[in-house]
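# A closer look at the structure
Here are the chains, one letter per residue:
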Amino acid sequence: MSHRVPGGWTALVRGLVPAPVRALAARLLASGRARALVTKILGSAPLPTLTAKLRASLPGFTLAFALVSTAAHADTLHRFALIAGNDTGGGDTRPLSYARDDARKMHDLLTRLGGVAPSDAKLLLDDDAKDFLTALSDLEQRARTAQARGERTALFVYYSGHAKDGALRLGDSRLAFDALKRRLADAPVDIRIAILDSCRSGALTRTKGARKAPAFDVESGAARDARGVVILTSSAADEDSQESDALGGSYFSHHLASGLLGDADRSGDGRVTLFEAYSHAYARTVADTADSSAGPQHPTFSYDLAGNGDLVLTDLRASAEGLVVPGGAPPGSYYFVDPGGLVVAELDKAADTERRVALAPGTYRVKRRLSDRLRIGEVEIARGRTTVLEEPRLKDAPFSDDPVKGAGRGRDTWWAFGLTGGYQSFFDAATRQSLFLSVPLFGAEAELHDYFRRDWVWGFDAAVGGTRSVLALPTLAGPTYRYSVVNLGTSLTTEWPLGRVAPFVGARLAYLILGRQFEDAAFPDQRFAMVSPGLVAGARLQLTRSVHLTTRGRLQYLQYNVDAQRSLGYWELAALLTYAP
């Protein structure tokens, strides 16, 4: 006869067995001594004898089994993640280049290696503060449901974008640091980890116990015992967080992600803990930004963890694919470059030590830098398989063959193409009435952004225009003619991005072809061509990520030397609609 226990044996044991005893069972399970406990109860005997012992020892065996089952259930950590990336931060900030890319990378890492199910992760790109809080509320509700099932829970919040004046800047909206800290403190989750990659984000950790330091001590032990809040930030309260074209992201997020892929696994156990990840990101971020124009960038942390245990952030063994650098490979720093020329991961290998980096499936260039040359090769990471790097197959190459894109020639350089419509008119009244008429212009343009340096635009434009008129003569009826303009030019401008609007000013050099074609063959056609320097100013409005609307004005100079030496000036107003692929 069987009896059903309401809530199951796990619930019964939770109600009857004191917490210290349950904790002992958990430690037995973790240490592999649970089998010894069962063996002690049952012994090793033939099946009939074992059956008799089982019947005689059923109460003790049931208790032991329930204890182990309870401990295993308590060891479960149900993970949730909110990842947000915003390239824009309002009208008084400069647009970022890689915040959304950093968020995508972190989302991939946490769902592939961090134990977060895709259904428990939310990725927000250029969303506002209201969307952020709505997504957070949804994850909190899911965490409550998981806790009701007896599961322990963890919440990861990652943000890459602008922060200023004590608030995260999500587009034109703001989320105050204090409000976010309160929300994290009150979240119905056992472990809350916030990672903020933004300028002056260290203000969020400016509380008692917060430090700007390379590491913090967490007692070793089972992660199931840890409870509380941890906040990591990419910079101190008075520092800017910096991006890199060669890395295709921010320094902090790149080194954090590279560490989570395996470079931070100093213990070699195939798992990257919170302590290892932060220590790695701190050291590498400070080193890489020490000589930058903005100065060194110091990540900070604040933690309030109760109990023992360092939390595992990524398990390199969770994914079957990856790359192993064998112990016999030469020591040094290895860089893994994607087909776009961006460093996606790094690995610092010591002599006679095997290292693993959990690269996603794909083709990568491998680079090892020596004092006088590079060692370069290619590896293919197949889905579901581990690839072993064969260093002898790498080839020597000069530094000029570096597969990593340099700053100023990386992803930040981009083209825009568009159509323009405008109007041209000379300042002198007599000139625009009888010599060079006022006309509408229509044309096409191409713009190369950030080629010479950031926020510089090199433009190429071509426009045509024309009108019909009657030549005014003192004694004869004027002949009818067609007046035409061909306007070719190149310009170099500098922009000041202010959120979605970017004012600009610069110089332009044009080649102007002006002509009159008479309908009466008795009058010869006339043409005048001259180089025309000038100035340009305007503003560019970002309608969408790829579509921009520009309004601008030009002031140009023209030296007229046909029948007399005359210095003329003219102006142009235009609107330009561009598309950036």
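Refer to the preceding data block for the structure.
The residue numbering used here restarts from 1 in each chain and proceeds along that chain's sequence as written. Given that this is a predicted model, residues contribute local features only at a pLDDT of at least 70 and side-chain atom pairs are listed and counted only at 80 or more, while totals for whole chains, interfaces and linings are drawn from all residues. As a rule here, side-chain values come from all non-hydrogen atoms in the structure, and water together with hydrogens is ignored.

### Some points on the sheet that holds strand β20 (residues 386-388)
Condition: Two strands are said to pair when DSSP picks up at least two bridges between them. In DSSP terms, a helix is any run of H or I states spanning at least four residues, a strand is any run of E spanning at least two, and both are numbered starting from the N terminus. Each axis is a line fitted through C-alpha atoms, taken for helices only over the stretch in contact, and angles between the N-to-C directions span 0 to 180 degrees.
Taken in spatial order, the 3 strands make up an open sheet running β17-β14-β20, and their pairing is mixed. Lying at the two open borders of the sheet, with one neighbouring strand each, are β17 (355-357) and β20. Here the strands of the sheet are splayed against their neighbours by 25° on average, with no regard to which way each runs. Two strands pair when backbone bridges link them, and strand β14 (residues 322-325) and β17 are joined in this way by 3 bridges, in the antiparallel orientation. Residue pairing across strands places V324 opposite R356, the latter belonging to β17.

### Examining unusual backbone geometry
This is how it is decided: Between buried and exposed lies partly exposed: a residue is buried under 20% and exposed over 50% of the maximum accessible area for its type, with that area taken using a 1.4 Å probe on protein chains only.
Notably, D126 is not glycine yet its phi reads approximately 60°, a positive angle. Along the chain, the position of D126 falls in the loop between β2 (121-125) and α7 (129-148). The partly exposed category is assigned to D126, whose relative accessible area is 34%. Positioned with a positive phi, D165 is a non-glycine residue whose angle comes to about 55°. Mapping D165 onto the fold places it in the loop between β4 (162-164) and β5 (167-170).

### Let's talk about the nonpolar core
Note the threshold: Here, the term nonpolar core denotes a set of buried Ala, Val, Leu, Ile, Met, Phe, Trp, Tyr and Cys residues that are joined through side-chain atoms within 4.5 Å. The contact definition used throughout considers only heavy atoms, calling two residues in contact when any of these lie within 4.5 Å.
Core analysis: the largest hydrophobic core is formed by 51 residues, its most contacted members being F156 and F336. Ranked by residues supplied to this core, first place goes to helix α10 (residues 274-289) with 6 residues. Ignoring sequence-local partners within four residues, the contact set of F336 consists of L323, L342, V343, V344, A345, E346, L347, V357, L359, R365 and V366. Residues Y159, A187, A194 and I231 belong to the second largest nonpolar core, which totals 27 residues.

Any functional reading would require information beyond the geometric quantities listed.
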